[in-house]
Amino acid sequence: MFDRFIRKKFIVVAVMASGWVALVLMAVNIVQSHENNGLEDIVPPIYEPSWMYKCLPEEGCIRSDEPHPTTNNVTNLTFNSLDICRTVCGRLGGLWPRPVTAVLSTRTVKIHPNYLRFDLEKVPVEAREIMAAMTQVVGSNLLAECDGEVTEVVETPVIVFISVKSADTSLHWETEEQYMLDLASKEGQITVYIMAETVYGARHALETFTQLVASEKSDYSNQKKCGLQIVAGARIRDRPVYRHRGLLLDSSRHFIPMTDIKRTIDGMAANKMNVFHWHVTDTHSFPLESSRVPQFTRYGAYSAKEIYSVEEVKDFIKYAQIRGVRVVIEIDAPAHAGNGWQWGKEYGYGDLAVCVNANAWRHLCIQPPCGQLNPANPAMYRVLRDLYRDIAEMVTKPALLHMGGDEVFFNCWNASEEITNYMRQKNYEISLNGFIDLWSEFHEKALQAWDEELEAAGGTKQPVMLWSSELTQVRRIQQHLSNERYVIEVWEPVDSPLLEQLIKMHYRVVSVPKDIWYLDHGLWGVTKYSNWRRMYAHMLPREENVLGGEVAMWTEYVDKEGIDTRIWPRAAAVAERLWSDPSASVYSAERRLQRQRGRLLARGLRPDAIAPGWCEQHDAKCL
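These numbers come from a predicted model, not from an experiment.

### Re the overall build of the protein
Scanning the protein from N- to C-terminus turns up 20 helices and 24 strands. Taken along its principal axes, the extent of the C-alpha atoms in the protein is 110 × 80 × 45 Å. Counting every position in the protein, which comprises 623 residues, the buried fraction comes to 57%. Within the protein, counting contacts between residues at least 6 apart in sequence, those at least 24 apart form 73% of the total. Total accessible area on the protein stands at roughly 27100 Å², and carbon and sulfur atoms take up 51% of it. Averaging the coordinates of the 68 positive side-chain charges in the protein and doing the same for the 79 negative ones gives two points 3 Å apart.

Structure follows, in structure tokens:
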């Protein structure tokens, strides 16, 4: 069609002026020459092209200059799969968080999950049920590497022998989490030996075992093909530096469905984090069902569908335990308590909380809506006691409760005649010091209620957690809060001296510096965003009373649609800091974090990108 158009143009122009003829003929010759010697004369090779990846141990994996056949040119340092290359390249391969010591083979062996077996003979009988549940997670994680279906079937046996010394299945700050893992391939069989003090150390070893496996997929084929390969040999010795490696999730500002929370637990397990701090209530909503006080959710839930039922919470706590994660429920009080508490008068209990949903919020609370518990009302303590009993019956023992305790606004209490009259009866001044005394009294009564209800539920007296606040400042904390009973979670900026001061005063602390480890910062107000490198670079003091730290996902400006990208992979960076606290450069960690991000994607999470796609395929070239 194009050729016919050119000939017609030539005829018309030739009549008009002979000077144009040569030009037209030249144009025709050019077109014809292009058509006669076009790309259709080139016969492409018959194979499915794919990039290959070369391991440079000091740099990482680098993509080939051009595609290659998938069946040729594979050497001991060149791989068809970027995931396999990263799994074996360098001293630590693709392990995350960084182990204490690791020796890995650069050779791999093909395996299939159908031929994976676990030997639990050396696991105490009392611990076998939970250990068996932990091994089941391994199979699903391996299948996830191939999107749920491993098409390349090989019959190589993989036998994992697990040895656990302790029959204790409780999870707490003193739980031993160290492990040893040895893997060898010999005579057509893969043998893995895992040795740990507790099932939780063994669980971490199983997580590491899954990180020794990677998939090989056909990039360009329309036919789904995927196989698994495992390193041919490994020797790993590992243990955590910090006992508390936490992630806080706020489900009051926005309700987060349980499916999404469980997915967050999956991500925590993949990164060996062991504390899920659940900020489940606030002034905005009260979605946690209480069997003894059903009014909490009737008056506090956003809707009938946005409630965490008692049975759902119990199932979730077990789900987390199988993944090595302890669930710590926070009932923030006496501040941050509003919706869910406003029904007292209707039921003859009086005001359980004051300032609830007050219009002039700027003078009464940190953000709308307002609300603080009413410490002048004895009925409030009775209701709080019932709530504590419900929690004590839900959580695993030894139970750890976070009692909140931050951002009390004295203007709110001062606006209540009932509260100021009560203060006068107690000989408290209507002043800063008097409100501090009232605040301290609340915590004393709340702690007594928790202790008694926990004992009634079969537990024993435990420390509780509190946020840092005006009450925890060094000039007054010892007058009001015992260092034997309270663990202080310090959320002040990194340049605040409070963390070091409390350590010197022999308080146990958990650190979550808001200007570095708050995941919502940089997305509202004048706050600053921390990328994963900045989060990774922050180091905590190595002191006996520093239990560890947390990364915090507050949800004023994010809901279930965005929590994955806000949390991951930045929380993974904090996880390695808390597990191994490495002194190595942040840049040397990036290739391992890229591999970890790939695992999270395979397991159904949606972590944010770390670098452009080209940089992801060329380790160390974009640093």
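### Looking at the state of the cysteines
Evaluation of the coordinates by the stated rule reveals six disulfides. The side chain of Cys61 participates in a disulfide bridge whose partner is Cys85; the two sulfur atoms lie 2.1 Å from each other. The sign of the S-S torsion, about -105°, decides the handedness of the disulfide formed by Cys61 and Cys85: left-handed. Remark: Cys85 occurs in helix 3 (residues 82–88) and Cys61 occurs in strand 3 (residues 60–63); sequence separation between them is 24 residues. Take Cys61 and Cys85: they sit in the same class, and that class is buried. The connectivity of the disulfide-linked cysteines in the protein, indexed sequentially, is 1-4, 2-3, 5-6, 7-10, 8-9, 11-12.

### With respect to the environment of Lys54
Tracing the backbone shows Lys54 in strand 2 (residues 53–56). If we skip the residues at most four places from it in the chain, Lys54 touches Gly60, Cys61, Ile62, Leu77, Thr78 and Cys85.

### Some remarks on the UniProt feature "active site" (unreviewed entry) in the protein
According to UniProt, the feature "active site" (unreviewed entry) maps to Glu407 in the numbering used here. Considering the arrangement of structural elements, one finds Glu407 in the loop between strand 20 (401–404) and helix 10 (410–414). For Glu407, a relative accessible area of 25% corresponds to the partly exposed category. In contact with Glu407, other than residues within four places in its own chain, are Ala335, His336, Ile366, Gln372 and Trp491. Engagement of the side chain of Glu407 in a polar contact is seen with the side chain of His336, the distance being 2.7 Å.

### Thoughts on the pattern of salt bridges
With the rule as written, the count across this model stands at 39 salt bridges. Asp619 is the salt-bridge partner of Arg86, the closest N and O atoms lying 2.7 Å from each other. Of the two residues, Arg86 sits in helix 3 while Asp619 sits in the segment after helix 20 (613–616), which places them 533 residues apart along the sequence. Like Arg86, the residue Asp619 is buried in the burial classification. Lys560 serves as the salt-bridge partner of Glu561, at 2.5 Å between the closest nitrogen and oxygen. Taking relative accessible area as the criterion, Glu561 reaches 57% and is therefore assigned exposed. Residue Lys560 is classed as partly exposed on the basis of its relative accessible area of 33%. One salt-bridge network, held together by shared partners, links Arg292, Arg385, Arg389, Asp390, Glu393, Glu452 and Glu453.

### Observations regarding the environment of Glu452
By the secondary structure assignment, Glu452 is in helix 12 (residues 432–456). Separated by 115 residues in the primary sequence, Glu452 and Ile567 place their C-alpha atoms 37 Å from one another.

### Regarding the packing of helix 4 (residues 128–144) against helix 5 (residues 199–210)
Direction vectors running N to C along helix 4 and helix 5 enclose 15°, while the axes themselves pass 10 Å from each other. When the axis of helix 4 is compared with that of helix 5, the two are roughly parallel. Where helix 4 crosses over helix 5, the handedness of that crossing is right-handed. Residue-level contacts link Ile130, Met131, Met134, Thr135, Val138, Asn141 and Leu142 of helix 4 to Val199, Tyr200, Ala202, Arg203, Leu206, Glu207, Phe209 and Thr210 of helix 5.

### A few points about the sheet that holds strand 6 (residues 101–104)
Across the sheet, six strands lie side by side as 6-14-10-11-9-8; this open sheet has mixed pairing. Strands at the two margins of the open sheet, each flanked by one partner only, are strand 6 and strand 8 (116–122). Neighbour-to-neighbour, the strand axes of the sheet open up by a mean angle of 10°, direction not taken into account. As paired strands, strand 9 (residues 158–164) and strand 11 (residues 189–196) are joined by seven bridges and run parallel to one another. Across the sheet, the residue bridging to Val164 is Ala196, located in strand 11.

### Focus on the nonpolar core
In this structure, Leu247, Phe276, Trp278, Trp341 and Trp568 are the most contacted members of the largest nonpolar core, which totals 124 residues. Other than its neighbours up to four places away in sequence, Trp568 contacts Leu247, Thr264, Gly267, Met268, Asn271, Met273, Leu600, Leu605, Pro607 and Asp608. Ranked by size, the runner-up nonpolar core spans 59 residues in total, among them Leu82, Ala102, Leu183 and Phe209.

### Some points on the sheet that holds strand 5 (residues 78–79)
As summarised here, the arrangement of the three strands in space is 3-2-5, forming an open sheet in which the pairing is antiparallel. Each edge of the open sheet is held by one strand with a lone partner, namely strand 3 and strand 5. In this sheet, strand 5 lies alongside strand 2 in antiparallel orientation, the contact comprising two bridges. The residue of strand 5 that forms the bridge with Lys54 is Thr78.

### A word on empty space enclosed by the protein
With the rule as written, the count across this model stands at five cavities of 30 Å³ or more. Considering the residues around the largest cavity, the lining is formed by Asp282, Thr283, Ala335, His336, Cys365, Ile366, Gln367, Pro369, Gly371, Gln372, Glu407 and Phe409. The residue makeup of the lining of the largest cavity, split by class, is five nonpolar, five polar and two charged. For the second largest cavity, the full set of lining residues is Met134, Val137, Val138, Asn141, Arg203, Leu206, Glu207, Thr210, Ile322 and Arg323. Secondary structure elements with two or more residues in the lining of the second largest cavity: helix 4 and helix 5.

Definitions and cut-offs
- Throughout, a residue's number is its position along its own chain's written sequence, starting from 1.
- In keeping with the predicted nature of the model, local features appear solely for residues at pLDDT of at least 70, side-chain atom pairs appear and are counted solely at 80 or more, and the whole-chain, interface and lining totals rest on all residues.
- To obtain the side-chain values, all non-hydrogen atoms of the structure were used and water was disregarded.
- Secondary structure counts use DSSP, requiring at least four H or I residues in a row for a helix and at least two E residues in a row for a strand, with both numbered from the N terminus.
- To sort residues, take the accessible area from a 1.4 Å probe on protein chains only and compare it with the maximum for the residue type: under 20% means buried, over 50% means exposed, and anything in between is partly exposed.
- Throughout, a contact is declared for two residues whenever any of their heavy atoms are within 4.5 Å.
- Note that accessible areas follow from Shrake-Rupley with a 1.4 Å probe, and for residues the cover is restricted to the protein chains shown.
- When charges are counted, Lys and Arg contribute as positive and Asp and Glu as negative, whereas His and the chain ends are disregarded.
- To locate a charge, the coordinates of NZ of Lys, CZ of Arg, CG of Asp or CD of Glu are taken.
- Criterion for a disulfide: a pair of cysteine sulfur atoms at a distance within 2.5 Å.
- UniProt positions are given in the numbering used here, feature names are shortened, and annotations may be inferred rather than shown by experiment.
- Identification of polar contacts relies on pairs of N or O atoms within 3.5 Å, with a donor-acceptor requirement for protein atoms, meaning one able to donate a hydrogen and the other able to accept it, and with residues adjacent in sequence counted only if both atoms are side-chain atoms.
- Between Lys or Arg on one side and Asp or Glu on the other, a salt bridge is scored when a side-chain nitrogen of the former is within 4 Å of a carboxyl oxygen of the latter.
- With axes taken as lines fitted to C-alpha atoms, and helix axes fitted only over the stretch in contact, angles between N-to-C directions fall between 0 and 180 degrees.
- In this scheme, roughly parallel covers angles under 35 degrees and roughly antiparallel covers those over 145, while 65 to 115 is roughly perpendicular and the rest are oblique.
- Take the far helix as your reference; a near helix turned counterclockwise from it by less than a right angle gives a left-handed crossing, and one turned clockwise gives a right-handed crossing.
- Here a strand pair is declared whenever DSSP counts at least two bridges between the two strands.
- Side-chain atoms within 4.5 Å link the members of a nonpolar core, which is a set of buried Ala, Val, Leu, Ile, Met, Phe, Trp, Tyr and Cys residues.
- Both cavities and pockets are sets of points on a 1 Å grid over the protein atoms alone; in a cavity a 1.4 Å probe fits but cannot get out, in a pocket the set is open with protein on both sides within 12 Å along at least five of seven lines, and lining residues sit with an atom within 4 Å of a point.
- Grid points are joined across faces, edges and corners, and a volume is the space filled by probe spheres set on the points.
- Each residue is assigned to one class: nonpolar for Ala, Val, Leu, Ile, Met, Phe, Trp, Tyr, Cys and Pro, charged for Asp, Glu, Lys and Arg, and polar for all the others, Gly among them.

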